[in-house]
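Remarks on the overall topology
Chain residues, written in single-letter form:
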Amino acid sequence: MPSPTREENKGETGQAEHGATDSGDRERGTGGRLVCALEMEMTNRSLHGDSKVDCVNCDGLINRNGGDSAEVSVPLSLPGKRTAHTEGDDLYRLRNRKFLLEDKKRLCALALGTALLGILLTIIHAEICPFVYKPGSNIALFINCSISLSTGCLLILIIAFHYKDIRLFIIDHNQVDWRIAMTSHRVLVITLELLVCVIHPVGTYWEVGFHANSSSSAPLCVSNHHREALMDVELLLSVLMFLRLYLVHRAILLHSKVLLSASYRSIGSLNNINFTFRFVLKILMNKYPARTLLVFILFFWLTASWMLTLCERQTQATTGHMDTAMWLIAITFLTVGYGDVAPNTSCGKAVCLFTGVMGVACTAMLVAVVTKMLALNKGEKHVHFFMLDIQISKRIRHAAANVLRECWLLHRTNLTKGNRGEHRKHQRCLLEAIRVFRHLRLKQKKLRDYVSEMVDLPKMQMIMCDLSANWNNSYRELEQRILSMEQKLDELSRCFQQTSELLSQVLRHRNPEIR
């Protein structure tokens, strides 16, 4: 028989274990509620907020809820090893993802600004070099050094952007090794971006000396030494610098309200929608079609006009002036082509060819936008087709009356046995009235078929909802009637039972021998 001391110790031990289990469950519940509250807090906050303020708020929330800092810390792991999933990992990934998105947006804006600065310096250098300073002067060297410095900063920003993108990929896919994110497609994209951004004119670093006619437009700022080869290289590099404008679509995507809106992202993820630049461009074309096309066309005209002047300056032609180049770009873009001005160099012809292709594409989009603006909406279509149906119905009634009248006239002619000319006349009129009647009936049928195809889903949904509501009401009324019938049957059964009891009592009272 065990001693009472051991039993008491066992009881105390069991109570302690039970108390520890309850406290652990309470701690886990508190930690789970804390993590859920923090996730909801971080999700509902806007991406425009300050990161430091969010961190302070999160720490304050942890302290107010009495949470331990160890519950939200991320354990360090060795490279190539994955740790067990904890509650703090979700919070860490959520906060880190928000900060990385903000860093990507900031780096993209800085990269676009640096690229535009390099292009602007190139344009200024090409325009004012022959008139303000000499090609071999210190000012020319300073501007070229500025262009090269902006190119170097742009390369650094591009590398930093892709570094943040790789970290974001690692967080989204819960990977540890960064080499998993370095696919062949990503490596190819990074290499192409670096090659595009590294292009900039370097010809004026050479030994320079300039001789040009002051009456002509500004030629390229290059020397007579190695003039042929250097001019071609300088021209090609200056034109290819405009390839940096590919950063515009990335900036539009990262700064769009579609990507920053939590509701857009939630609904898009449920419907398997990828938030790419194509999706954002479709939204812009649907919301602001005229404004988007106007901005794109004006920007394209200015860029192509300057590229054309740069290509045509070495020939000293009229297309080397900005006004003539803009005229040529405009008539080429609109596919008019008067023929009064034409490019002379291969570079100018390539620019005009690309302008014509873009003009055809923009004209197609403009036609689609105008067609959409002139199209009737659903309400206008319903009103229009309803009035057409009324008008055709009236014409059908008149045509039917004409058929009956011609039949009566033809019948009267047959009875009176008039001349054959009048008989043929009434026959022709009858056949024409029948033809008109059939044509109007066919037209009404086509109109009603087209209207039946315009049945919109919201209206059908409302009709089905009304039908289901009516069915539910009928079902409830039927249930009430069945319940009332059951109650009445119960009352009838009780009445029958009482009646049988009364009859038995009366019979027993009159015939006591029955007992």
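In the annotation of an unreviewed UniProt entry, the chain is listed under the name Calmodulin-binding domain-containing protein and assigned to Perca fluviatilis.

Brief notes about the packing of helix H10 (residues 277-287) against helix H11 (residues 289-312)
Contact pair H10 / H11: the axes reach a minimum separation of 5 Å and the direction vectors enclose 115 degrees. It follows that H10 is roughly perpendicular to H11 by the angle criterion. Contact residues: Leu284, Met285, Asn286 and Lys287 in H10; Pro289, Thr292 and Leu293 in H11. Class assignment for the residues of the contact of H10 with H11 results in four nonpolar, two polar and one charged.

Observations concerning a nonpolar patch on the surface
Residues Met460, Ile463, Met464, Leu467 and Trp471 make up a contiguous nonpolar surface patch of roughly 490 Å² in combined accessible area. Mapped onto the elements of the fold, Met460 is located in helix H16 (residues 457-510).

Some points on the UniProt feature "coiled-coil region" (unreviewed entry) in the chain
In the numbering used here, UniProt assigns the feature "coiled-coil region" (unreviewed entry) to residues 468-495. The distance separating the terminal C-alpha atoms of residues 468-495 is 40 Å; by composition the span is 100% helix and 0% strand.

Thoughts on the pattern of salt bridges
For the structure on display, the rule yields nine salt bridges. For the salt bridge of Arg97 with Asp172, the shortest nitrogen-to-oxygen distance reads 2.7 Å. Of the two residues, Arg97 sits in helix H3 (residues 87-132) while Asp172 sits in helix H4 (residues 138-173), which places them 75 residues apart along the sequence. Looking at Arg97, the relative accessible area reads 32%, which means it is partly exposed. With a shortest N-O distance of 3.3 Å, Glu406 and Arg405 are connected by a salt bridge. Assessed through its relative accessible area of 47%, Arg405 is described here as partly exposed. Residues joined in a network through salt bridges with shared partners are Asp103, Arg106 and Lys164.

A few points about unusual backbone geometry
At Thr335, a residue that is not glycine, the phi angle is positive and equals roughly 55 degrees. Within the secondary structure, Thr335 sits in the loop between helix H12 (322-333) and helix H13 (346-374).

Some remarks on the confidence of the model for the chain
Residues of the chain with pLDDT of at least 70 account for 73%, and the chain-wide mean is 76. Within the chain, helix H2 (residues 51-64) has the poorest average pLDDT of any element, 37, and helix H5 (residues 184-197) the best, 93. Low pLDDT, under 50, characterises residues 1-84; the stretch is placed with 58 contacts to residues that sit more than four places away or in other chains. Confidence over residues 205-219 falls short of pLDDT 50; this stretch has 34 contacts with residues more than four positions distant or in other chains.

Here we look at the packing of helix H7 (residues 247-254) against H10
Their axes nearest at 9 Å, the elements H7 and H10 cross at an angle of 75 degrees. Classed by the angle they form, the pair H7 and H10 counts as roughly perpendicular. Across the interface between the two elements, His249, Ile252 and Leu253 of H7 pack against Phe277, Val280 and Leu284 of H10. Per-class residue counts for the contact of H7 with H10 are five nonpolar, one polar and no charged.

Here's the deal with the packing of aromatic side chains
Throughout the structure, instances matching the rule amount to seven aromatic pairs. Each ring, one from Phe242 and one from Trp306, has its centre 5.7 Å from the other, and the planes form 50 degrees; the classification is tilted. Of this pair, Phe242 sits in the loop between helix H6 (227-240) and H7 while Trp306 sits in helix H11, and the two are 64 residues apart along the sequence. Trp306 sits in the buried class, given a relative accessible area of 6%.

Points about the layout of surface pockets
The gaps of empty space that remain are located by a probe, the size of a water molecule, rolled over the atoms. Within this model, the second largest pocket holds a volume of roughly 1200 Å³. Lining the second largest pocket are 34 residues, and of these Val248, Phe296, Phe299, Phe300 and Met358 sit closest to its centre. Going through the elements one at a time, H6, H7, H10, H11 and H13 are the ones with two or more residues in the lining of the second largest pocket. With ten residues, H11 is the largest single contributor of residues to the lining of the second largest pocket. Tallied by class, the residues present in the lining of the second largest pocket amount to 26 nonpolar, five polar and three charged.

Comments concerning the environment of Ala251
In this structure, Ala251 sits in helix H7. A residue is classified by how much of its surface remains accessible, and Ala251, at 11% relative accessible area, is buried. Separated by 143 residues in the primary sequence, Ala251 and Cys108 have C-alpha atoms spaced 6.0 Å apart.

Quick word on a positive patch on the surface
On the surface, Arg420, Arg424, Lys425 and Arg428 cluster together into a patch of positive charge. Within the element layout of this structure, Arg428 appears in helix H15 (residues 420-453). For Arg428, a relative accessible area of 54% gives the class exposed.

Rules used in this analysis
Residues numbered from 1 in each chain as written. Predicted model: local features only at pLDDT ≥ 70, side-chain atom pairs only at ≥ 80, totals over all residues. Heavy atoms only, no water. Axes fitted to C-alpha atoms, helices over the stretch in contact; angles between N-to-C directions. Helix = DSSP H or I, 4+ residues; strand = E, 2+ residues; numbered from the N terminus. Parallel < 35°, antiparallel > 145°, perpendicular 65-115°, else oblique. Contact = heavy atoms within 4.5 Å. Nonpolar A, V, L, I, M, F, W, Y, C, P; charged D, E, K, R; others polar. Patch = residues over 30% accessible without salt bridge, like charges linked within 9 Å, V, L, I, M, F, W, Y side chains within 5 Å. Areas by Shrake-Rupley, 256 points an atom, 1.4 Å probe, with all protein chains shown as cover. Salt bridge = Lys/Arg side-chain N within 4 Å of Asp/Glu carboxyl O. UniProt positions renumbered as here; feature names shortened; annotations may be inferred. Buried < 20%, exposed > 50% of the residue type's maximum accessible area, 1.4 Å probe, protein only. pLDDT = per-residue confidence, 0-100. Phe/Tyr/Trp six-rings, centres within 6.5 Å; stacked < 30°, edge-to-face > 60°. 1 Å grid on protein atoms, 1.4 Å probe; cavity = no way out; pocket = protein on both sides within 12 Å on 5 of 7 lines; lining within 4 Å. Points joined across faces, edges and corners; volume = space filled by probe spheres on them. Lys, Arg positive; Asp, Glu negative; His and termini not counted. Charge placed at Lys NZ, Arg CZ, Asp CG, Glu CD.

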